[in-house]
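Structure assessment
If you want the building blocks of each chain, they are given just below.
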Amino acid sequence: MSRVAISRVLTPPDEDKVFDAVKKAIDKLGGIERFIKPGEKVLIKPNLVSPRPPPVTTDPRVVRAITLLVKEAKAKPIIAESASAMTYWWREGMTTRQVMELLGYIDMARSIGVEITPFDEDGKFRSVKVKIPNGILIKEIEIAELITKVDKIIGVPVLKTSMEGGGITGCIKLMHGVTNTFTDRLRWHRSDLWYKIVDEIRPFRDKYVLCVFDAIKCMEGDGPIHGDPVDMNLIIAGDDPVATDAIAAKIIGYEYPHYEIGPIAIAHVTGLGVGDPANIEVVGEKLENVRRRFRFASCEIVESYFPGVHVIDGATCRTCKAWIKFTLYMLKDTGFFEDLKKMGKKLYFFVGLNTPIPQDLDRIRELMDKGLVIIFGECAVSTTGRELYWVLAQGELRDGVMLIHGCPPFAVSEYAAEIRRKLGLEITEREVEAFKYVPT
Ligand code: SF4
């Protein structure tokens, strides 16, 4: 039977209290020695998806505590992670090392004398190709070379909801970060991502022996980046990534069989772990004493939350909607919607296959008078191209339309900046700071 331990972090949480809670949870599972043998190389992988502090990223104090326990077990800990390619190219424009520096990971590792390494440096990901014999969707994967060289892996996700990643981003989704940031990882961000992230852990599932959720400051709503913080002050550790995700999901309000959390459901039915809480032993704090219903993430775009935004759907998968939402959140952070209201303008997003964009020039002109027309994603661009050719051929109309390629389109900073420019709004220090990377 899989086992998951829950411990409370005494407040206000400091390094010692976090260490005590992490140790308590791992001790309830049988102690670090149950998982790690002397002399083994142990990869400890946090979630550093973006250069933003917890709850967007894993609290370095949790990683510090695990690393110290691994050292006490006379094994060799290596902290490693890659920031996403979106972070590197299209959002904040930062390398993984810069992200680690900014979040305090480099200082933390130095202070306890352990190795910390990005999977990627200088725009190159050190990866190897590995076969996935039982892969449902993918049969080969480019993963960090380090994964093939370590004896054990400990995953340290932060408990947060996720729009695109499947309900929550937990122990399964965390390992998306070991795939090559610049190749597989990008291409796989489509609506079948849930299957792919389960396939991704198959080649090293045997080594993935321990998971420790940082559930100190968590995230609800539109995670994994734009949700709201929730103080839970918990550590949730487990000897099975699927079971640990299942219990974490139950704590925040999801129930078995987890149809809304594809990765848990798929991993459970394909034998990668136990997703049914009825077959998971929970030790430490009682589950019913720590439960708190979170607001879940959603890819749907509601106008009341983004005033003046209209999404005109064709056959659209959730992924394009998620990336429209990432763009809108970036704009929202800068007070854009107040500006839009003052101008009396709208944003019209046409998205998906055969989205019903008006086909006569007068109706398109009418829309453009009211606001900016944005054709978002390859499905919409490819199936509305014939009509748009005639629009874009009219010189004075070009500025009223944005054609955004990609499946899905990732360059959210660029789109946010371009939307402002097209509407005649300045890019001030406020936007540069919020978008971090504004291409010129
Ligand atoms: S371009 Fe089409 S398939 Fe690709 S993410 Fe957008 S809606 Fe989905």
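The model shown is predicted, which means the values in this text are computed figures rather than measured ones. Starting from 1, residues in each chain are numbered consecutively following that chain's sequence as written. Local features in this predicted model are restricted to residues of pLDDT 70 or higher, and side-chain atom pairs are both shown and tallied only at a pLDDT of 80 or more, whereas totals for entire chains, interfaces and linings draw on every residue.

**A short note on the domain arrangement of the chain**
To keep things clear, this is the line we draw: For the purposes of this description, domain bounds are those given by an automatic or database domain assignment. We call two residues in contact if the C-beta atoms placed from their backbones are at most 7 Å apart. Throughout this entry, Asp, Glu, Lys and Arg are counted as charged residues, while Ala, Val, Leu, Ile, Met, Phe, Trp, Tyr, Cys and Pro are counted as nonpolar. The remaining residues, Gly among them, count as polar.
When cut into domains, the chain gives domain 1 (2–290) and domain 2 (309–435). Computed over C-alpha atoms only, the centres of domain 1 and domain 2 are separated by 35 Å. Counting residues at the interface gives 10 residues for domain 1, matched by 13 residues for domain 2. Of the residues that constitute the side of domain 1 that touches domain 2, the class distribution is three nonpolar, three polar and four charged.

**A word on helix H1 (residues 15–28)**
Structural remark: α-helix, 3.6 residues per turn; residues separated by three or four positions point the same way. The cut-off we apply is this: Numbering of helices and strands runs from the N terminus, with a helix taken as a DSSP run of H or I at least four residues long and a strand as a DSSP run of E at least two residues long. One less than the number of residues in a helix, times 1.5 Å, gives the span that helix is expected to have. Neighbour counting defines burial: a residue surrounded by 20 or more other C-beta atoms within 10 Å of its own C-beta is buried, one with 12 or fewer is exposed, and intermediate counts give partly exposed, using backbone-placed C-beta atoms.
In a regular helix each residue adds 1.5 Å, so 14 residues correspond to 20 Å; H1 covers 20 Å between its end C-alpha atoms and thus fits that length. By the burial criterion, the buried members of H1 are Val18, Ala21, Val22, Lys23, Ala25 and Ile26. One or two steps after H1, the chain reaches glycine 30, where phi turns positive at roughly 120°.

**Thoughts on helix H13 (residues 318–332)**
An ideal rise of 1.5 Å per residue puts 21 Å on 15 residues; H13 measures up with 21 Å between its terminal C-alpha atoms. Summarising burial for H13: 12 of the 15 residues are buried, a large majority. Restricting attention to buried positions, one finds in H13 the residues Thr319, Cys320, Lys321, Ala322, Trp323, Ile324, Lys325, Phe326, Thr327, Leu328, Met330 and Leu331.

**What to know about the site of the ligand**
Definition in use: A molecule or strand has a residue near it when that residue's C-beta atom, placed from backbone coordinates, lies within 6 Å of it.
Taken together, Arg190, Ser191, Thr316, Cys317, Thr319, Cys320, Gly352, Gly377, Glu378, Cys379, Cys407 and Pro408 are the residues near the ligand. Elements supplying a minimum of two residues to the shell around the ligand: H13 and helix H16 (378–392). Here the shell around the ligand is composed, by residue class, of five nonpolar, five polar and two charged.

**Quick word on the sheet that holds strand E16 (residues 346–351)**
Basically, it comes down to this: Here, a strand pair is defined by DSSP locating no fewer than two bridges between the strands. The axes used here are C-alpha line fits, helices contributing only the stretch in contact, and every angle between their N-to-C directions lies in the interval 0 to 180 degrees.
Ordered in space as E15-E16-E17-E18, the four strands form an open sheet in which the pairing is parallel. Each having just a single partner strand, strand E15 (309–313) and strand E18 (401–404) make up the two edges of the open sheet. Neighbouring strand axes in the sheet, compared pairwise and without regard to direction, differ in orientation by 20° on average. Both E15 and E16 contribute to a ladder of five bridges, which runs parallel. Note that in E16 the partner of valine 309 across the bridge is leucine 347. Of the strands in this sheet, E15, E16 and strand E17 (371–376) touch H13, which is tilted by about 155° from E16.

**Re the environment of isoleucine 312**
Relative to the helices and strands, isoleucine 312 resides in strand E15. Between the C-alpha atoms of isoleucine 312 and asparagine 233, which are 79 residues apart in sequence, the distance is 41 Å. Among all residues touching isoleucine 312, those that are not within four sequence positions of it are Tyr348, Phe349, Phe350, Thr355 and Pro356.

**Overview of the packing of helix H10 (residues 241–251) against helix H11 (residues 262–269)**
Selection criterion: Should an angle fall under 35 degrees it is called roughly parallel, over 145 degrees roughly antiparallel, and 65 to 115 degrees roughly perpendicular, with every other angle called oblique. Handedness of a crossing follows from how the near helix is turned relative to the far one, being left-handed for an anticlockwise turn of less than a right angle and right-handed for a clockwise one.
Taken N-terminus to C-terminus, the directions of H10 and H11 make an angle of 140°; their axes are 10 Å apart at the nearest point. The angle between H10 and H11 places the two elements in the oblique class. Of the two elements, H10 crosses H11, and the hand of that crossing is left-handed. Of the residues in H11, those touching H10 at Val242, Asp245, Ala246 and Ala249 are Ile264, Ala267 and His268. Of the residues belonging to the contact of H10 with H11, the class tally is five nonpolar, one polar and one charged.

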